[in-house]
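Coordinate inspection notes
For reference, the chains in residue letters:
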Amino acid sequence: MHWDTVYKNLDYLLIGAYPQGPLGGLAMTVILAVGGIFGAFWLGLGCGLMRISKRRRLRWPAMFFIEIIRGTPLLMVVFWFYFLAPVVFGHTLPEAESALIALIVFTSAYIAEIVRAGVEALPKGQMEAARGSGLSHVQAMIFIILPQALFNMIPSFVNQFVSLTKDTSLAFIIGVNELTKAATQVNNRTLTAPTEIFITIALLYFVICYCLTEFSRYLERRINRYQARGR
Amino acid sequence: MAYQFDFGQVVSGEYGQWLLSGLDVTLRISGIAIVLSLALGTLVAVLRLSKVRPLVWLAASFTEFFRNTPLLVQIFFWYFGSYSVLPDAVNEWLYARDFEFACGVIALTVYTAAFIAEEIRSGIFSIPKNQLEASRACGLSFLQAMAYVILPQAFRVIIPPLISQFLNLIKNSSLVMTIGVMDLTYMARQIEAHTFHGFEAFTVSTLMYLTISLIVSFSVNLYNRYVLHVRSR
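Everything quoted here is computed from the prediction, not taken from an experiment.

**Side note on the overall build of chain B**
When helices and strands are tallied, chain B shows 10 helices and zero strands. Starting at the N terminus and ending at the C terminus, chain B contains elements arranged as α-α-α-α-α-α-α-α-α-α. C-alpha extents for chain B along the principal axes are approximately 75 × 50 × 25 Å. When burial is assessed residue by residue, chain B has 41% of its 233 residues classed as buried. Look at the contacts in chain B between residues 6 or more apart in sequence, and 77% of them connect residues 24 or more apart.

Shown next, in the form of structure tokens:
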């Protein structure tokens, strides 16, 4: 086994050529994942609220968007934005931005479904009581429904964040310098230790995702206990 | 210069044939992986519910590890890294055949099996515990009770989430293009390289994936409505 190859290149796997060159490796993966979940949250929230609207002209576009995105592989969405950008903007987007947009759009469809499930899971009486107290529909949504629904949805969001972290590896295919790309670069340069390199990055991903999964399970227990207290 | 859309070129003649052969590979690799991952997933789920500590521990770490690493990394691991792990005889046997395809099948199977094991485990949990106790009391062994009493009931409930896992598998199979399996995505990429009409090639292949997904999710809705009597919203 050649674990020294991994050890020598560990800084490249973690932060890329950062102080001298562009940021890459695990740091880039984290940036893509955090930027992705932040963008996808707002887009998904909007889309999910449109999806549960009573008005058809709001509901149908959201439904169409969600069904299309959920029926397509992420790789296709990534390629789409990569090839669509030159057609729309007339020039190519940098790979990292194009990948980030694809990740945001893809994840937002799943977030929208989480939002829908969370809002629909609340008792109907909440909305009726809020409307009965004189709030408008929008006010009731913002001040009564969403604060409760979003709180209950936190574990699902964390799970989605785990999927997103794994999905950032696809950015490698259009050439973003994140962890998977760094690993293939190191592998192509050294050629002696493919097994060790890929085990190492698998473990790096695993540590991040496993901690997040455990965190989400912990939150779920906490939230269940909190809700059981009221009954 | 404005971009000229040209769908005709992409769907007809040689390039149309490419897309169809890519679709064939996608369906073949998914089909094989679906059968294998169902078998492996069931095995892992049963191991995890058994009373033997090392087996439970093994099955649990299997699911946790493979669920929490990206599929792409797993594909690369099997493709680049399996050489020094597998015995030489297996390597030679694999290299004599379609090594890329085999790696794709292995990676998809193992990754999906980890998710399927969780679905099956929660399905088994949904069956009341006294079913198992009753069948043990009737003289069935643990495995017999599982095979004849618990699993047949559990599968009825698990089928919809299971099918959505299979659907994920079909979508995930697009990743095997990275190691050179000539599936639908690979062919779209190839057409893009030949004609520079990447936008059209990817539109057509996206529509193909979408058609598969919509047919499958439509049949799950029918199953839910007519077999489980759950009304979908």
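There is more to say, and it comes next.
**A word on the overall build of chain A**
Scanning chain A from N- to C-terminus turns up 10 helices and zero strands. Overall, chain A shows an N-to-C arrangement of helices and strands of α-α-α-α-α-α-α-α-α-α. When each of the 231 residues of chain A is scored for burial, the buried share is 42%. Across chain A, contacts joining residues at least 24 apart in sequence account for 72% of those joining residues at least 6 apart.

**Remarks on the interface of chain B and chain A**
The partner chain A presents 29 residues to the 29 residues of chain B that form the contact. Of all elements in the fold, only α3 (53-67), α4 (71-81), α8 (142-172) and α10 (198-226) of chain B reach the threshold of two or more residues within the side of chain B that touches chain A. Among the residues forming the side of chain B that touches chain A, the class breakdown is 15 nonpolar, 12 polar and two charged.

**Notes on the packing of helix α2 (residues 13-49) of chain B against helix α9 (residues 184-195) of chain B**
Residue and element names in this part refer to chain B. Interhelical geometry of α2 versus α9 gives an angle of 160° and a closest axis separation of 7 Å. Classified by the angle between their axes, α2 and α9 sit roughly antiparallel to one another. Crossing handedness for the pair α2 and α9: right-handed. Between α2 and α9, the residues in contact are Tyr 15, Trp 18, Leu 19, Ser 21, Gly 22, Leu 23 and Thr 26 and Leu 184, Tyr 186, Met 187, Gln 190, Ile 191 and Thr 195, respectively. Of the residues contributing to the contact of α2 with α9, the split by class is eight nonpolar, five polar and no charged.

**Thoughts on the UniProt feature "domain: ABC transmembrane type-1" (unreviewed entry) in chain B**
Here the UniProt-annotated "domain: ABC transmembrane type-1" (unreviewed entry) positions come out as residues 23-220 of chain B. Measuring from the first to the last C-alpha atom of residues 23-220 of chain B gives 22 Å, for a span that is 83% helix and 0% strand.

**Focus: the UniProt feature "transmembrane region" (unreviewed entry) in chain A**
Residue and element names in this part refer to chain A. The residues that UniProt annotates with the feature "transmembrane region" (unreviewed entry) are residues 26-52, 73-93, 99-119, 140-158 and 197-219. Along residues 140-158, the helical share is 100% and the strand share 0%, with 26 Å between the first and last C-alpha atoms. Across residues 197-219 one finds 100% helix and 0% strand; the C-alpha atoms that close the span lie 33 Å apart.

**Let's talk about the UniProt feature "transmembrane region" (unreviewed entry) in chain B**
All names here are of chain B. The residues that UniProt annotates with the feature "transmembrane region" (unreviewed entry) are residues 25-47, 54-79, 99-117, 138-159 and 202-223. Taken end to end, residues 54-79 is 88% helix and 0% strand, and its two terminal C-alpha atoms sit 29 Å from one another. The straight-line gap between the two end C-alpha atoms of residues 99-117 is 27 Å; of that span, 100% is helix and 0% is strand.

**A few points about unusual backbone geometry**
One non-glycine residue, Leu 191 of chain A, lies in the positive phi region at around 60°. The topology assignment puts Leu 191 of chain A in the loop between α9 (179-190) and α10 (194-230). Notably, Phe 196 of chain B is not glycine yet its phi reads approximately 65°, a positive angle. By the element assignment, Phe 196 of chain B lies in the loop between α9 and α10.

**Thoughts on α3 of chain B**
All names here are of chain B. Here α3 is 15 residues long and its end C-alpha atoms lie 21 Å apart, about the 21 Å a rise of 1.5 Å per residue gives. Buried residues of α3: Ala 59, Thr 63 and Phe 66, and no others. Along the axis of α3, the buried residues cluster in a sector spanning 90°; they form a single face. Facing away from the buried side of α3 by over 90 degrees, the exposed positions are Arg 53, Pro 54, Trp 57 and Ser 61. In the core, the buried residues of α3 are packed alongside α2 and α6 (99-125).

**Points about the nonpolar core**
One finds Val 77, Val 78, Ala 99, Phe 198 and Ile 201 of chain A together with Ile 75 of chain B to be the most contacted residues of the largest nonpolar core, which totals 122 residues. A per-element tally of this core places helix α6 (residues 95-121) of chain A first, with 15 residues. Setting aside anything within four residues of it in sequence, one finds Ile 201 of chain A in contact with Leu 13, Leu 179, Thr 180 and Ala 183 of chain A together with Val 73 of chain B.

**Considering the environment of Pro 61 of chain A**
Residue and element names in this part refer to chain A. Here Pro 61 shows up in helix α4 (residues 56-70). On the neighbour-count criterion, Pro 61 (13 C-beta atoms within 10 Å) is partly exposed. Sequence separation of Pro 61 and Lys 124 is 63 residues, and the distance between their C-alpha atoms is 25 Å.

**Considerations on the packing of helix α3 (residues 25-51) of chain A against helix α8 (residues 137-167) of chain A**
Residue and element names in this part refer to chain A. Between α3 and α8, whose axes approach to 9 Å, the crossing angle comes to 135°. Classified by the interaxial angle, the pair formed by α3 and α8 is oblique. Of the two possible hands of crossing, α3 and α8 adopt the one that is right-handed. Each of Ala 33, Gly 36 and Ile 37 in α3 lies in contact with α8, whose residues at this interface are Phe 161, Leu 164 and Thr 165.

**Quick word on the environment of Glu 113 of chain A**
Within the element layout of this structure, Glu 113 of chain A appears in helix α6. For the pair Glu 113 of chain A and Ile 52 of chain A, spaced 61 residues apart in sequence, the C-alpha separation works out to 9.8 Å.

Quick notes on the rules
Residues numbered from 1 in each chain as written. Chains lettered and ligands numbered in written order. Predicted model: local features only at pLDDT ≥ 70, side-chain atom pairs only at ≥ 80, totals over all residues. Helix = DSSP H or I, 4+ residues; strand = E, 2+ residues; numbered from the N terminus. Buried ≥ 20, exposed ≤ 12 C-beta atoms within 10 Å, placed from the backbone. Contact = placed C-beta atoms within 7 Å. Nonpolar A, V, L, I, M, F, W, Y, C, P; charged D, E, K, R; others polar. Axes fitted to C-alpha atoms, helices over the stretch in contact; angles between N-to-C directions. Parallel < 35°, antiparallel > 145°, perpendicular 65-115°, else oblique. Left-handed = near helix turned anticlockwise from the far one by under 90°. UniProt positions renumbered as here; feature names shortened; annotations may be inferred. Expected span 1.5 Å × (residues − 1). Arc of directions from axis to C-beta. Core = buried A, V, L, I, M, F, W, Y, C linked by C-beta atoms within 7 Å.

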